[in-house]
Amino acid sequence: MHMHAIHGIIILALVCCLAMGVSADTSSGADEKDLLHVSGSGTIKTTPDRCDISFSVVTKNSDVRAAQKENARKMEIVMGVLRDPSKGNLSPAEIGTSSYFISEVYNPDDPVKQEAGDKTVIYEVSNTINVETSRIDQVGDLIDLAVSSGANGVSSLQFTLSREKSSEFRSQALGIAVDKARADAEAVSRAMGLTLGSAHEVTVDEPYSPPMYFNQDMRSVSYAGSAPSTPIEPGSIDVTAKVSVSYTIS
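Conventions we followed
- Residues numbered from 1 in each chain as written.
- Predicted model: local features only at pLDDT ≥ 70, side-chain atom pairs only at ≥ 80, totals over all residues.
- Heavy atoms only, no water.
- Helix = DSSP H or I, 4+ residues; strand = E, 2+ residues; numbered from the N terminus.
- Expected span 1.5 Å × (residues − 1).
- Contact = heavy atoms within 4.5 Å.
- Pairing = 2+ DSSP bridges.
- Axes fitted to C-alpha atoms, helices over the stretch in contact; angles between N-to-C directions.
- Salt bridge = Lys/Arg side-chain N within 4 Å of Asp/Glu carboxyl O.
- Buried < 20%, exposed > 50% of the residue type's maximum accessible area, 1.4 Å probe, protein only.
- Polar contact = N/O pair within 3.5 Å; in protein donor to acceptor, adjacent residues only side chain to side chain.
- Parallel < 35°, antiparallel > 145°, perpendicular 65-115°, else oblique.
- Left-handed = near helix turned anticlockwise from the far one by under 90°.
- Nonpolar A, V, L, I, M, F, W, Y, C, P; charged D, E, K, R; others polar.

A.B. asks: Looking at this structure, I do not really get helix 5 (residues 163-191). What am I missing?
C.D. replies: Across its 29 residues, helix 5 extends 42 Å between first and last C-alpha, which sits within 8% of the 42 Å expected from 1.5 Å per residue. The elements touched by buried residues of helix 5 are strand 1 (35-46), strand 6 (196-204) and strand 8 (237-249). The first or second residue beyond helix 5 is Gly193, which carries a positive phi of 70°.

Here is the structure:
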């Protein structure tokens, strides 16, 4: 009698599970919608309003302390000129140290290494400062000031957009992207004889506005101090936004 009761409970449980599965599938099928998936992109071309410049002072010596001392002296002059109100006029927020390295010179073709001899250990001290400014029209003058004051490297020069300007043009690019996605959806649904409904789901990709780099090698930098002014043209930057939209169709 006890075994019959157990079998009855098991059979009842299986029946309930099957019934629940059919109900779930039916409910899911009723909620499904016919969707049309499209994407669109928008691009706004604009001019940068910020510039990031990295200046370096590199010194070499067989005496690491002497190399450090000489490097500090030169960098102090460079930063002083760039901060001088009558010259670079950069604020404390616009200039600061970004890296400082001390390493041994292993390259046998290095001029200082060759002059000292293979058996002499040569140390290299590199101090890099970063300048972030909105004075785009004065970038060439800032480079000339730094180089003529003792900087012997421009390791990075890139033009970017401020947060405010990037946000402004991102909104415009998104508007273009949405319009393009809607136009494509309308064209496809019309060609297929379908009725386009409302947007069911929208995905917005992260905006992308790549910085514009200006390459400047050590040789060109070394001569910049003697030129009237280093010519720098920032060019333009593309702000791009992409969206993916799913529309209901019937």
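A.B. asks: How should the sheet that holds strand 6 be read in this particular structure?
C.D. replies: Within a beta sheet, neighbouring strands are joined by backbone hydrogen bonds and run either parallel or antiparallel to one another. Spatially, the three strands line up as an open sheet ordered 1-8-6, and their pairing is antiparallel. Looking at strand neighbours, the two that pair on one side only are strand 1 and strand 6, the edges of this open sheet. Strand-to-strand twist in this sheet, taken as the mean axis angle between neighbours without regard to direction, amounts to 30°. Bridge count between strand 1 and strand 8: 12 bridges; the pairing is antiparallel.

A.B. asks: What am I meant to see in the pattern of salt bridges here?
C.D. replies: Once their charged atoms are close, side chains differing in charge can pair, the charge on each being opposite to the other. Scanning the entire structure with this criterion turns up seven salt bridges. Its salt-bridge partner being Asp238, residue Lys45 comes within 2.9 Å of it at the nearest N-O pair. One end of the pair, Lys45, is in strand 1; the other, Asp238, is in strand 8, and 193 residues separate them in sequence. Its relative accessible area of 58% is what places Lys45 among the exposed residues. A residue is classified by how much of its surface remains accessible, and Asp238, at 30% relative accessible area, is partly exposed. Across the pair Lys60 and Glu124 runs a salt bridge, and its minimum N-O distance is 3.7 Å. In this pair, Lys60 sits in strand 2 (residues 50-61) while Glu124 sits in strand 4 (residues 123-133), placing the two residues 64 residues apart along the sequence. Its relative accessible area of 31% is what places Lys60 among the partly exposed residues. In this structure Glu124 comes out as partly exposed when scored by relative accessible area, which is 23%. Within the structure, one salt-bridge network assembled from shared partners comprises Lys60, Asp110 and Glu124.

A.B. asks: Would you mind going over the pairing of strand 5 (residues 153-160) with me for this structure?
C.D. replies: Put simply, side chains in a regular strand alternate between the two faces of the sheet. Of all eight residues that make up strand 5, six are buried, and the element is covered over most of its length. Across seven bridges, strand 2 lies against strand 5 in antiparallel orientation. Each bridged residue has a counterpart across the sheet, and for Phe55 the counterpart in strand 5 is Val154.

A.B. asks: Looking at this model, I keep getting lost on the environment of Lys180. Mind explaining?
C.D. replies: Along the chain, the position of Lys180 falls in helix 5. On the basis of relative accessibility, which here comes to 43%, the residue Lys180 falls in the partly exposed class. Taking C-alpha positions, Lys180 is 5.2 Å from Gly40, a pair spaced 140 residues apart along the chain. When residues no more than four places from it in sequence are discounted, the contact partners of Lys180 are Gly40 and Ser41. Among the polar contacts listed, one links the side chain of Lys180 to the backbone oxygen of Ser41, at a separation of 3.4 Å.

A.B. asks: It is not clear to me how unusual backbone geometry should be interpreted in this structure. Could you clarify?
C.D. replies: Glycine aside, a negative phi is what most residues show, and trans is what most peptide bonds show. Positive phi, close to 55°, is recorded for Asn89, a residue that is not glycine. Assignment of secondary structure puts Asn89 in the loop between helix 2 (64-83) and strand 3 (95-104).

A.B. asks: What is the right way to read the packing of helix 2 against helix 4 (residues 139-149) from this model?
C.D. replies: Packed helices, taken two at a time, are described by their axes: the angle between them and the distance between them. Packing of helix 2 against helix 4 brings their axes to within 8 Å, and their N-to-C directions diverge by 150°. By the criterion of interaxial angle, the relationship of helix 2 to helix 4 is roughly antiparallel. Relative to helix 4, the crossing made by helix 2 is right-handed. Across from Lys74, Ile77, Val78, Val81 and Leu82 in helix 2, the residues of helix 4 making contact are Leu142, Leu145, Ala146 and Ser149. Taken together, the residues of the contact of helix 2 with helix 4 break down into seven nonpolar, one polar and one charged.

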